[in-house]
Amino acid sequence: MRTRLIKDKRVLLGGALLIVTTLVAILAPVLTSYSPTKTHMSDLLQPPSLEHLFGTDSFGRDILSRVLYGARISLLIGMTSSVLVGMIGTFFGMIVAFVRPLEEILMRVLEGIMAIPAMLLAMIIMAILGRGIDKVILAFVIVYTPQVARLVRGEALRVQKENYLEAANALGASTLSIIWRHVLPNIVSPLLVQTSFMFAFAVLTEAGLSFLGLGVPPPKPSLGLMLAEARDYIRYAPWISWFPGFNIILIVLSMNLLGDGLRDAFDPYFRY
Amino acid sequence: MVAYVMRRCVVSMVIVFAITTVIYFLLQLVPGDPAQVLLQSAGDPETIAALRHELGLDRPVYVQYFSWLSGLLRGDFGTSLLKGKSVTSLIVKCLPITLSVAVFAELFALYFGIPAGCIAAIKSRSFLDHAFMGIAILGVSMPTFWLGLNLMFLFGVKLQVLPIAGYVAPSESIAEWLRHLILPGLSLGLMHSALIARMTRCSVLEQVRQDYTRTARAKGLPESRVLGKHVLRNSLAPVVTIVGMTLPRLLVGTVIVETVFALPGTGRLLIKSIMQRDYMIMQAAIVLLASLSVLSAFIVDFIYTTLDPRIRYY
């Protein structure tokens, strides 16, 4: 399987894109000397030039610097949200699969959350919590945890029917030991695939919420917020929207490519 | 069949009721007091208390809920706090715009997605396959609003062939109505067409490998008939599933597209109401969008059972 992963061009391309975008975001203070939030009233809406490679926005702020720092926020939200959703979803999925008395009630709650369209629920939660990076992460975790929990439950129930689990039961292994030693290692692959797609979803959700004015508050350089500001200047300064958009696409594309490649490597049925 | 439809109707109504209840109580947690919003911090405590009494906000939450619910069942969403107008009349004005955008987007998605997926599967591993699937993965990675902004710039600002904002009702001019819906529909539909193309490709590839396809070819049927009559029909069931699953996302996506193209639809009404803390509109718009999502799932279920007779009406 490792060979299959290494040979898969999508995994290589996705991995390379992710490494480059992450490195560029981490090295933002080295790569640009401009502050992402400092306004320069003498440099309003400047087109891309040698001085400002991506141009400036309506407050005279350097777009390159805002895009690099904005990518940090997107990556932070993507990474934290997907890891949290993966962990909390696994926890609830295991409870539903192994603690039978709780199965019915927990499943109904999870299905109830899933019945409300994800973006709509995220908007309601943001309206309640107010704007902020931590609140976007919390909203994402509440909205998407049921999906991971359902996946984990399904996989855990599949593994429960295997002979080796029956053997472990017969040998008197405790439920916790069964989950840790037998179930978790067998569901890691689909969980990894789902988590990589969750990363992509989280970046898109943050951008969407910020674009609507419900996500990251200004003057923080969120990529979605930059696109919301770009809307008013699309006639005169279209470059304001180009570069934040490219950065979102690069991050989301890298995770989608990785997810696709991982899924095909783990599950040859999907391979072509 | 009738029993099945009735049963699904009842289930959908229960889901809508549950969602409505959850949303109502969730929105009670939104910070701020409608009376204070209305007085815009200008009122003293007595005035605020009097207004709260007048609006019925001093009653217990469950009493307010049942009063709101009874209005809802009569098609009365209450009165907008800030606009002073009936929420139902505002919704009735906005809903056709949202539905037009959603239907346009879905049509675009199907029109581009199904042929692209079929061609990619039939020409599997060819340049066309890689090109279409490359575009598809790029499509699912692209934020709708970014695509919208760039389509707006290209067709509205540079080429000046399509309007960049606003809406014209079909009663005024059908041609202008269509022209105003092309860019919003495309922005929202292209991402969904990418999802549909990927699903169609997978589904067609699976059907092409089936025994009945080999039999159809072995008995000398022309390729167009094998693909058109046998493979495509059987491939459509999973595609309908993905359409059903993505319809709610598409409906909620109208919120973003309406913001980009300044369309006065339900989504834009919702965002404005969240910003202005206009609770009655907020509740109505959210309940409506959520209910439409459930309704769309119900319709897709129905189409699914018609497409695939193997599915019994339990």
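Each helix and strand counted, chain A has 11 helices and 0 strands in total. Starting at the N terminus and walking to the C terminus, you meet the elements of chain A as α-α-α-α-α-α-α-α-α-α-α. Judged by the C-alpha coordinates and their principal axes, chain A covers about 75 × 45 × 30 Å. Here chain A holds 272 residues, and the buried ones make up 45% of them. When contacts within chain A are restricted to residue pairs at least 6 apart in sequence, those whose partners lie at least 24 apart make up 70%.

This part covers the overall build of chain B. Along its length, chain B carries 12 helices and 0 strands. When the helices and strands of chain B are listed from N to C terminus, the series reads α-α-α-α-α-α-α-α-α-α-α-α. Taken along its principal axes, the extent of the C-alpha atoms in chain B is 85 × 55 × 35 Å. When each of the 314 residues of chain B is scored for burial, the buried share is 38%. Within chain B, contacts between residues separated by at least 24 positions form 70% of all contacts whose residues are at least 6 apart in sequence.

A word on the interface of chain A and chain B. For an interface, size is often stated in terms of accessible area lost upon the parts coming together. Counting residues at the interface gives 33 residues for chain A, matched by 39 residues for chain B. Mapped by element, the contributors of at least two residues to the side of chain A that touches chain B are helix 5 (100–115), helix 6 (118–129), helix 9 (175–211), helix 10 (223–231) and helix 11 (239–266) of chain A. For the side of chain A that touches chain B, the class distribution of residues is 24 nonpolar, 6 polar and 3 charged.

Bringing the nonpolar core into the picture now. For soluble globular proteins, nonpolar side chains are generally found buried alongside one another. Ranked by internal contacts, the top residues of the largest apolar core, which has 157 residues, are Leu120(A), Ala122(A), Phe140(A), Val203(A) and Ile286(B). If you tally residues by element for this core, the top one is helix 5 (residues 87–122) of chain B, at 16 residues. Aside from chain neighbours lying at most four places away, what touches Val203(A) is Ser74(A), Ile77(A), Gly78(A), Ile248(A), Ile251(A) and Val252(A).

Put simply, Pro218(A) and Pro219(A) share a cis peptide bond, and its omega is 5°. For Ala262(B), which is not a glycine, the phi torsion comes out positive at approximately 50°. Turning to its location among the elements, Ala262(B) is positioned in the loop between helix 10 (223–260) and helix 11 (266–276). In this structure, Arg277(B) is a non-glycine residue whose phi angle is positive, near 55°. Along the chain, the position of Arg277(B) falls in the loop between helix 11 and helix 12 (279–307). For Arg277(B), a count of 19 C-beta atoms within 10 Å corresponds to the partly exposed category.

On to the environment of Ala216(B). All names here are of chain B. Turning to its location among the elements, Ala216 is positioned in helix 9 (residues 211–218). Under the C-beta neighbour-count criterion, Ala216 is labelled partly exposed, with 19 such atoms within 10 Å. Between the C-alpha atoms of Ala216 and Met6, which are 210 residues apart in sequence, the distance is 39 Å. Discounting chain neighbours no more than four positions away, the residues touching Ala216 are Leu221, Val226 and His230.

It is worth spelling out helix 9 of chain B at this point. With 0 of its 8 residues buried, helix 9 of chain B lies for the most part at the surface. In the stretch just after helix 9 of chain B, Gly220(B) is the one whose phi turns positive, near 90°.

The next subject is the packing of helix 10 of chain A against helix 11 of chain A. Residues and elements named next belong to chain A. Taken N-terminus to C-terminus, the directions of helix 10 and helix 11 make an angle of 155°; their axes are 9 Å apart at the nearest point. Here helix 10 lies roughly antiparallel to helix 11, going by the angle between them. Read as a crossing pair, helix 10 and helix 11 show a hand that is left-handed. Between helix 10 and helix 11, the contacting residues are Leu223, Met226, Leu227, Glu229 and Ala230 on the first element and Ile240, Ser241, Pro244, Gly245, Asn247 and Ile248 on the second. Here the contact of helix 10 with helix 11 is composed, by residue class, of 7 nonpolar, 3 polar and 1 charged.

Our focus in this paragraph is the packing of helix 11 of chain A against helix 7 (residues 144–158) of chain B. At a minimum axis distance of 10 Å, the contact between helix 11 of chain A and helix 7 of chain B shows a crossing angle of 145°. Remark: the crossing between helix 11 of chain A and helix 7 of chain B carries left-handed chirality. When helix 11 of chain A is examined against helix 7 of chain B, the residues Ser241(A), Gly245(A) and Ile248(A) are found in contact with a partner set consisting of Trp146(B), Leu149(B) and Asn150(B). Across the contact of helix 11 of chain A with helix 7 of chain B, the residue classes break down as 3 nonpolar, 3 polar and no charged.

Moving on, we get to the environment of Leu258(A). All names here are of chain A. Within the secondary structure, Leu258 sits in helix 11. A tally of 25 C-beta atoms within 10 Å means that Leu258 is categorised as buried. C-alpha separation for the pair Leu258 and Leu12, spaced 246 residues apart in sequence, amounts to 7.9 Å. When residues no more than four places from it in sequence are discounted, the contact partners of Leu258 are Val11, Gly14, Gly15, Leu18 and Ser196.

Turning next to the confidence of the model for chain A. Confidence along chain A averages 91 in pLDDT terms, with 97% of residues attaining 70 or more. The least confident element of chain A, judged by mean pLDDT, is helix 1 (residues 2–7) of chain A at 72; the most confident is helix 4 (residues 63–98) of chain A at 95.

This paragraph deals with the environment of Leu257(A). Along the chain, Leu257(A) turns up in helix 11. Here the alpha-carbon distance between Leu257(A) and Ser196(A), two residues 61 residues apart in the chain, equals 9.3 Å.

The subject of this paragraph is the confidence of the model for chain B. Here chain B shows a mean pLDDT of 88. Residues at 70 or above account for 97%. Per-element mean pLDDT across chain B ranges from 77 in helix 2 (residues 34–39) of chain B up to 94 in helix 7 of chain B.

The rules behind these values
- Residues numbered from 1 in each chain as written.
- Chains lettered and ligands numbered in written order.
- Predicted model: local features only at pLDDT ≥ 70, side-chain atom pairs only at ≥ 80, totals over all residues.
- Helix = DSSP H or I, 4+ residues; strand = E, 2+ residues; numbered from the N terminus.
- Buried ≥ 20, exposed ≤ 12 C-beta atoms within 10 Å, placed from the backbone.
- Contact = placed C-beta atoms within 7 Å.
- Nonpolar A, V, L, I, M, F, W, Y, C, P; charged D, E, K, R; others polar.
- Core = buried A, V, L, I, M, F, W, Y, C linked by C-beta atoms within 7 Å.
- Axes fitted to C-alpha atoms, helices over the stretch in contact; angles between N-to-C directions.
- Parallel < 35°, antiparallel > 145°, perpendicular 65-115°, else oblique.
- Left-handed = near helix turned anticlockwise from the far one by under 90°.
- pLDDT = per-residue confidence, 0-100.

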